[in-house]
Structures are given as C-alpha cells and as structure tokens.
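# Topology and contacts: notes
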Amino acid sequence: QAPAAWVCLDDEELLDGEECAERRAMFEGHVVQTRSDVGLTAEQAARAVALLRAQLAGSGSTSKRRRGDGEEEGEEYDENVTQ
C-alpha cells in the first residue's frame, strides 16, 4: 500500500532536465532539494513538513520545489498550511 504522504529530501536534481522526465510526474509536489555543501536547512525542513501536511489534508496543492539556495522555482502551495 502506498504511503498517505511522502517527501524526498535530496541534493540531486529530481525534476528538471531530460534525464528526469521519466520520473518527474511522480516527484512533483514531493521534492525539497538541498545542497550537499549546506545540508538540510530549517527552512527546507519546514517546507518538507508543509508538503506532508498539504498531502495529508488532500488540498491538491503542489509545489514544484524550493531550491537549496533558497531560490523558489514555480512554487504553488496552500498558504494556510502551518510551516
């Protein structure tokens, strides 16, 4: 049985580029990209929790990702989710 909610924390690119096209649909809305030279930041951890809460709430919200450098890319999520 599939988990009710999941998130992937990784420093590898999982969404962009041709090499990610095959699995992009599966990962979209579930990825928080970190940077190996920084590690997991408090902001990224909060983002991961927000993604999990949105999935559990069934809000239908998606988040393409927040890059490890703090720069947002195509982000859409429920602003009412406590971070």
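Parameters and conventions
- Residues numbered from 1 in each chain as written.
- Predicted model: local features only at pLDDT ≥ 70, side-chain atom pairs only at ≥ 80, totals over all residues.
- Heavy atoms only, no water.
- Salt bridge = Lys/Arg side-chain N within 4 Å of Asp/Glu carboxyl O.
- Buried < 20%, exposed > 50% of the residue type's maximum accessible area, 1.4 Å probe, protein only.
- Phe/Tyr/Trp six-rings, centres within 6.5 Å; stacked < 30°, edge-to-face > 60°.
- Helix = DSSP H or I, 4+ residues; strand = E, 2+ residues; numbered from the N terminus.
- Expected span 1.5 Å × (residues − 1).
- Arc of directions from axis to C-beta.
- Contact = heavy atoms within 4.5 Å.
- pLDDT = per-residue confidence, 0-100.

## Some points on the pattern of salt bridges
Within this structure, the stated rule accounts for 1 salt bridge. Among the salt bridges present, the one from aspartate 37 reaches arginine 35, with a minimum N-O distance of 2.7 Å. You can call arginine 35 partly exposed: its relative accessible area is 33%.

## Re the packing of aromatic side chains
Tallied over the entire structure, the rule returns 1 aromatic pair. Taken together, a centroid distance of 5.9 Å and an interplanar angle of 75° make the contact between tryptophan 6 and phenylalanine 27 edge-to-face. Residue tryptophan 6 is located in the segment before strand E1 (8–10), and its partner phenylalanine 27 is located in helix H1 (residues 24–27); the two are separated by 21 residues in the primary sequence.

## Details of helix H2 (residues 42–57)
A turn of α-helix holds 3.6 residues, and therefore any two residues three or four places apart point the same way. Under the 1.5 Å per step criterion, the end-to-end length of H2 is 22 Å for 16 residues, consistent within 8% with the ideal 22 Å. Restricting attention to buried positions, one finds in H2 the residues Gln44, Arg47, Ala48, Ala50, Leu51, Ala54 and Gln55. Taken end-on, H2 shows its buried residues confined to a sector of 160°, consistent with a single buried face. Across H2 from its buried face, at more than 90 degrees, point the exposed residues Ala42, Leu56 and Ala57. On its buried face, H2 sits against E1 and strand E2 (31–33). Downstream of H2 by a residue or two, glycine 58 has a phi angle that is positive, lying close to 65°.

## Notes on the environment of arginine 53
The residue arginine 53 is located in helix H2 in this model. Taking the C-alpha atoms as reference points, arginine 53 and tryptophan 6, 47 residues apart in sequence, are found 9.7 Å from one another.

## A word on the confidence of the model for the protein chain
On average, residues of the protein chain score 76 in pLDDT, and 70% of them reach the 70 mark or higher. Here H1 is the element of the protein chain with the lowest mean pLDDT, 84, and H2 is the one with the highest, 96. Considering only residues more than four positions removed or in separate chains, one finds that residues 61–83, a stretch of pLDDT under 50, has 52 contacts.

## Focus: the side chain of glutamine 55
Tracing the sequence through the fold places glutamine 55 in helix H2. Overall, the relative accessible area of 18% leaves glutamine 55 in the buried class.

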